Amino acid sequence: MSEKEINLPSTIIDEPALTMQSISSSTVTSADSASTLPTSVASISPGRRLWLRFKKNKRGYWSLIILCVLIGISLMAELVSNDKPLVARYNGELVFPIFHTYSEKKFGGDFASQADYLDPFIREQFQKDGNWAIYPLNHYYYDTLNYFAAAPNPAPPSAENWLGTDDRGRDVVARLLYGFRVSILFGLALTVTGVLLGLLAGAIQGYFAGKTDLFFQRFMEIWGSMPELYLLIIFASIFQPSIGLLLVLLSLFGWLGLSDYVRADFLRNRNLEYVQAARALGLSNRQIIWRHVLPNSLTPVVTFLPFRMSGAILALTSLDFLGLGVPSTTASLGELLAQGKNNLDAWWIALSTFVVLTVTLLLLTNIGDALRNALDVRRRA
């Protein structure tokens, strides 16, 4: 045989081997690259994917940050706006008036009553050699009356009172800061109670359906037709107005709207395959509702939260404006609006309160829109 004929079998054998090696290597490479992408995508949890979709909405994302900052400042309102020094040094002794009550005699005065730190005499005492005092950024508490003010009340904005004073001489900045905190905390409390009651009622109606659903629907129609405002007026005339009383009365009706959305989701999910499989495995109704149906029915609840909170803040403001809300001694945005209405020449009262209320509701609306878009499964992450 010739050399060409001898090498022919090896050539025939080697080429398929090389071909298979290249195919296998390319297959492994493509498999590795294909496995890398799904792994990175699959590693993102549903909560993380929801947050990324929410973060893409810049308006809602920054609204959430701004609102959290404002809430944080309001929760530390005593350190930001107060008529007492945070810490002071008098005659070689460190005192903390913001935490302890001191009499005027403590600082060289003649009376045993509580020291008025706006008194020029007390301030002069802290300005002596060796003495000093660190005051909050704003020198007024929400109910502080400055008996040493130079201008009559209501006083326009000045270097001492940045947004002026109301008709009783109280600082508007302090009233707005503490009133914002009251509104936010009241809105959160009312939202939580409304969500819990709405989830409970909607879950029972939607999951059990039938006669249970029919009974609850008729009860809700009767309960919802009751005149809520008249009840508030009646109870306000009988009992002393308080935040607790308002919270209880508004919570009795605040769950009706959310329960309808939860009921609709439960009616849809109760007949799906995973619920039927859970029943076949012998799980109790409570376990099926809590572990399986409820997590898949929270979309309307999460979307509902910011708008529910906006409604709670508006409800409290409206009732305070009508004089049916919190006591007049409590800082409230509605009470400031009422003062602005009664003192139209003091434009700074109504204008500043309107701005604070509008900004708060606008931030909550932007957050609600961003949540709604993030929970929309038709949108890409």
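Residues numbered from 1 in each chain as written. Predicted model: local features only at pLDDT ≥ 70, side-chain atom pairs only at ≥ 80, totals over all residues. Heavy atoms only, no water.

**Focus on the sheet that holds strand β2 (residues 93-95)**
Overall, antiparallel pairing links the three strands, which are arranged β2-β1-β3 in an open sheet. Looking at the sheet topology across the chains shown, the edges are occupied by β2 and β3 (132-134). Here the average twist between neighbouring strands, direction ignored, is 15°. Relative to β3, strand β1 (residues 87-90) is paired through three bridges, and the arrangement is antiparallel. Across the sheet, the residue bridging to Val-87 is Ile-134, located in β3. (Pairing = 2+ DSSP bridges. Helix = DSSP H or I, 4+ residues; strand = E, 2+ residues; numbered from the N terminus. Axes fitted to C-alpha atoms, helices over the stretch in contact; angles between N-to-C directions.)

**A few points about unusual backbone geometry**
Pro-154 follows Asn-153 through a cis peptide bond whose omega is -5°. Inspection of the secondary structure puts Pro-154 in the loop between β3 and α6 (172-208). Non-glycine residue Asn-91 carries a positive phi angle of around 50°. Among the structural elements, Asn-91 can be located in the loop between β1 and β2. With a relative accessible area of 61%, Asn-91 lands in the exposed category. Of note, Ala-209 is a non-glycine position whose phi angle comes to about 50°, a positive value. Its place among the elements puts Ala-209 in the loop between α6 and α7 (210-224). You can call Ala-209 buried: its relative accessible area is 13%. (Buried < 20%, exposed > 50% of the residue type's maximum accessible area, 1.4 Å probe, protein only.)

**Description of the packing of helix α3 (residues 58-75) against α6**
The interhelical angle for the contact between α3 and α6, taken along N-to-C directions, is 115°, at an axis separation of 9 Å. By the criterion of interaxial angle, the relationship of α3 to α6 is roughly perpendicular. Helix-helix and strand crossings are classified by hand; for α3 and α6 the assignment is left-handed. Contact residues: Leu-67, Leu-70, Ile-71, Ile-73, Ser-74 and Leu-75 in α3; Leu-177, Phe-180, Arg-181, Ile-184 and Leu-185 in α6. Class assignment of the residues belonging to the contact of α3 with α6 gives a composition of nine nonpolar, one polar and one charged. (Parallel < 35°, antiparallel > 145°, perpendicular 65-115°, else oblique. Left-handed = near helix turned anticlockwise from the far one by under 90°. Contact = heavy atoms within 4.5 Å. Nonpolar A, V, L, I, M, F, W, Y, C, P; charged D, E, K, R; others polar.)

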